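Secondary and tertiary structure notes
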Amino acid sequence: MEEELRVRLNDHQVSKVFPVKPKSTAKPVSKSETPESRYWSSFKNHSIPDLVSSVSALAFSPVHPHSLAVAHSATVSLFSSHSLSSSRRFSFRDVVSSVCFRSDGALFAACDLSGVVQVFDIKERMALRTLRSHSAPARFVKYPFQDKLHLVSAGDDGVVKYWDVAGATVISDLLGHKDYVRCGDCSPVNDSMLVTGSYDHTVKLWDTRVDKSKWIAEINHGLPVEDVVYLPSGGMIATAGGNTVKVWDLIGGGKMVCSMESHNKTVTSLCVGRMESAETRLVSVALDGYMKVFDYGRAKVTFSMRFPAPLMSLGLSPDGSTRVIGGSNGMVFAGKKKLRDVVGEKKSLSLWSVRSQVDETRRRALRPTYFRYFQRGQSEKPSEEDFLVKEKKGLKLTRHDKLLKKFRHKEALVSVLEEKKPANVVAVMEELVARRKLMKCVSNMEEGELGMLLGFLQRYCTVQRYSGLLMGLTKKVLETRAEDIKGKNEFTGLLRNLKREVNQEIRIQQSLLEIQGVIAPLMRIAGRS
């Protein structure tokens, strides 16, 4: 069988030969390299360890040294913009969807898919506020450009919320979207203006000063809006939805300036970058793995770069030195721009002059090995023109204040009871009432600690200054810890004294009411005459 097949193959003759051309190689769009392509290609790749899960959001601090916040899974990691090394991590209960820094860089806010918005202190590594009002996953959070006291958030419940961060309360609910709200941005020129984009294909412009919570302008993108950003002038915005990026003129009544469809898949993130020539460019990333740079003044794509994964988020540092892109596979594509060498004026110096200058510098330099290094400035006296800077003495916190800062509530209450200062005890109790932790502390007290509390209530519950809080607390303590108090010899004397104090206070109040009943008619008669 095999021999017959070989004979047939050998007998077959090729009737005609067709020459095959070699495949053409990829060519650049333009033969000459443009300044724009040189600038964006000058970012040197830096490796950041894979974060396993998709990078949902990126944000740079507006204050030098421009720390980088990366949101991935239920974690926000802070990176140094210089070394791109991880410095701190903050954990959440659910997947983090958005992150944003405050204008001074001291705080950052983040929201997760449980609908909770949290504000963190970067130095203290602690949550300062937890804002709960969304009934569905929260998708974006943003600080106004220069406002440090308010916050904007929105999510899948279709409601845009304007928060008072200090009071942890919602100032206004901005209603109008009919579908998920996935993105938003605040105006760079007016802290009261903001825009939001939704899956109902619309972008709405809001003014938080309007009482009726009504949008003041509406733009139809035509597709579900994935991202929206303000351009630096404050009068134009850029929207991304589907594979289209559009630029709109708000001052001109919401007129579309240009539309760019250079991506093959959904555009996921937009960002505005500043070049060395002080010109701004609109940068976009998409699920097709491409980063595109748009010159929206000429409505032209000026640079394009391919990455080996679908892209989810984008960030450019304010000083233009760092570019970071987050992928769907947990990879972070970071780029650092090469620093330009500062070329100063060249001076023609001879070898002898250079050597003399070096010797002079070495002679005048103070080193720790010199004796006069430790004697410097000791005999100096301030003149009349000098300004004396006095060191501020740090505020020394008491033990119960330190425990309250660490959220160790019961220990703080016991500590202040041991001090036997009624004003401090009542102040700590009021703080625990505000935190809704007072009764929990009482229920967790041991017998000795409960005795201290009952002794304090017996002494001061009838004092007029503290009775408003302590009378109600006394009743709650006796109700919740009745089983622990009954039959205990150490509590019998305290309860007897407490009962005597309360009965005496009741008699005093009854006497005062009798006196008031006598005086009231006399006052009426005196008023008529």
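Residues numbered from 1 in each chain as written. Predicted model: local features only at pLDDT ≥ 70, side-chain atom pairs only at ≥ 80, totals over all residues. Heavy atoms only, no water.

Which entries qualify depends on this criterion: UniProt positions are given in the numbering used here, feature names are shortened, and annotations may be inferred rather than shown by experiment.
According to the UniProt record, the Subcellular location (unreviewed entry) comment for the protein is "Nucleus, Nucleolus".

A look at the packing of helix 9 (residues 447-460) against helix 10 (residues 467-480)
Here is the rule: To define axes, lines are fitted to C-alpha atoms, for helices over the stretch in contact only, and angles between the resulting N-to-C directions are given on a 0 to 180 degree scale. Secondary structure counts use DSSP, requiring at least four H or I residues in a row for a helix and at least two E residues in a row for a strand, with both numbered from the N terminus. With respect to orientation, any angle under 35 degrees is reported as roughly parallel, any angle over 145 as roughly antiparallel, any angle of 65 to 115 as roughly perpendicular, and every other angle as oblique. Rotating anticlockwise by less than a right angle from the far helix to the near helix defines a left-handed crossing, while the corresponding clockwise rotation defines a right-handed one. Only heavy atoms matter for contacts: two residues are in contact if any of them lie within 4.5 Å across the pair.
Taken N-terminus to C-terminus, the directions of helix 9 and helix 10 make an angle of 140 degrees; their axes are 10 Å apart at the nearest point. As summarised for this structure, helix 9 and helix 10 are arranged oblique, according to the angle between their axes. The two elements helix 9 and helix 10 cross, and the hand of that crossing is left-handed. Along the contact surface, helix 9 presents L450, L453, L454, F456, L457 and Y460, while helix 10 presents L470, L473, T474 and V477.

So, the sheet that holds strand 20 (residues 244-249)
Rules: Strands pair, by our definition, only if DSSP identifies at least two bridges between them.
Spatially, 18-19-20-21 is the arrangement adopted by the four strands of the open sheet, whose pairing is antiparallel. The open sheet has two edge strands, strand 18 (225-230) and strand 21 (255-260), and neither has a second partner. Between one strand axis and the next, the sheet turns by 20 degrees as a mean value, whatever way the strands run. Bridge analysis of strand 19 (residues 236-241) against strand 20 gives six bridges, and the strand direction is antiparallel. In the strand pairing of strand 20, A240 is matched with V245.

Quick word on a nonpolar patch on the surface
Note the following rule: Each patch groups residues whose relative accessible area exceeds 30% and which form no salt bridge, using 9 Å between like charges and 5 Å between nonpolar side chains of Val, Leu, Ile, Met, Phe, Trp and Tyr. In short, Shrake-Rupley with a 1.4 Å probe defines the accessible areas, and a residue's cover is counted only from the protein chains shown. Salt bridge, as applied in this entry: a Lys or Arg side-chain nitrogen positioned within 4 Å of an Asp or Glu carboxyl oxygen.
Together, I508, L512, I515, V518, I519, L522, M523 and I525 give the surface a local cluster of nonpolar side chains, amounting to about 770 Å² of exposed area. Counting through the fold element by element, I519 comes out in helix 12 (residues 489-528).

Overview of the side chain of D156
Short version of the rule: Identification of polar contacts relies on pairs of N or O atoms within 3.5 Å, with a donor-acceptor requirement for protein atoms, meaning one able to donate a hydrogen and the other able to accept it, and with residues adjacent in sequence counted only if both atoms are side-chain atoms.
Structurally, D156 is set in the loop between strand 11 (150-155) and strand 12 (160-164). A polar atom in the side chain of D156 sits 3.2 Å from the side chain of R182. For D156, the residues in contact, after removing those within four places along its chain, are A136, P137, R139, Y180 and R182.

Some remarks on the sheet that holds strand 12
Across a sheet, strands are paired by hydrogen bonds formed along the backbone, either parallel or antiparallel in direction. Spatially, four strands are ordered 10-11-12-13 in an open sheet, and the strand pairing comes out antiparallel. In the strand order of this sheet, the two ends are held by strand 10 (138-142) and strand 13 (169-174), each with one partner. Direction aside, neighbouring strands of the sheet carry axes that sit 25 degrees apart on average. The pairing of strand 10 with strand 11 spans four bridges and is classified as antiparallel. Within the sheet, the bridge partner assigned to V141 lies in strand 11 and is S153.

Some points on the nonpolar core
What counts, and what does not: Here, the term nonpolar core denotes a set of buried Ala, Val, Leu, Ile, Met, Phe, Trp, Tyr and Cys residues that are joined through side-chain atoms within 4.5 Å. Only protein chains enter the area calculation, which uses a 1.4 Å probe; residues under 20% of their type maximum are buried, those over 50% are exposed, and those in between are partly exposed.
Grouped together as the largest cluster of nonpolar side chains are 29 residues, with contacts concentrated most on L413, M429, L453, F456, L470 and V477. Those elements that provide at least two residues to this core are helix 5 (399-405), helix 6 (409-419), helix 7 (422-434), helix 8 (438-443), helix 9, helix 10 and helix 12. Leaving out residues up to four positions away in the same chain, F456 has contacts with L417, P422, V425, V426, M429, C461 and L470.

Considering the pattern of salt bridges
Inspection of every chain in the model, using the stated rule, returns 16 salt bridges. Between D185 and K142 there is a salt bridge whose closest N-O contact spans 3.7 Å. Taken together, the residues D185 in strand 14 (residues 181-186) and K142 in strand 10 connect sequence positions 43 residues apart. Residue D185 is classed as buried on the basis of its relative accessible area, which comes to 10%. Linking D484 and R481 is a salt bridge whose minimum nitrogen-to-oxygen distance equals 2.6 Å. Here the residues in one salt-bridge network are E36, E279, R281, D295 and R298, joined through shared partners.

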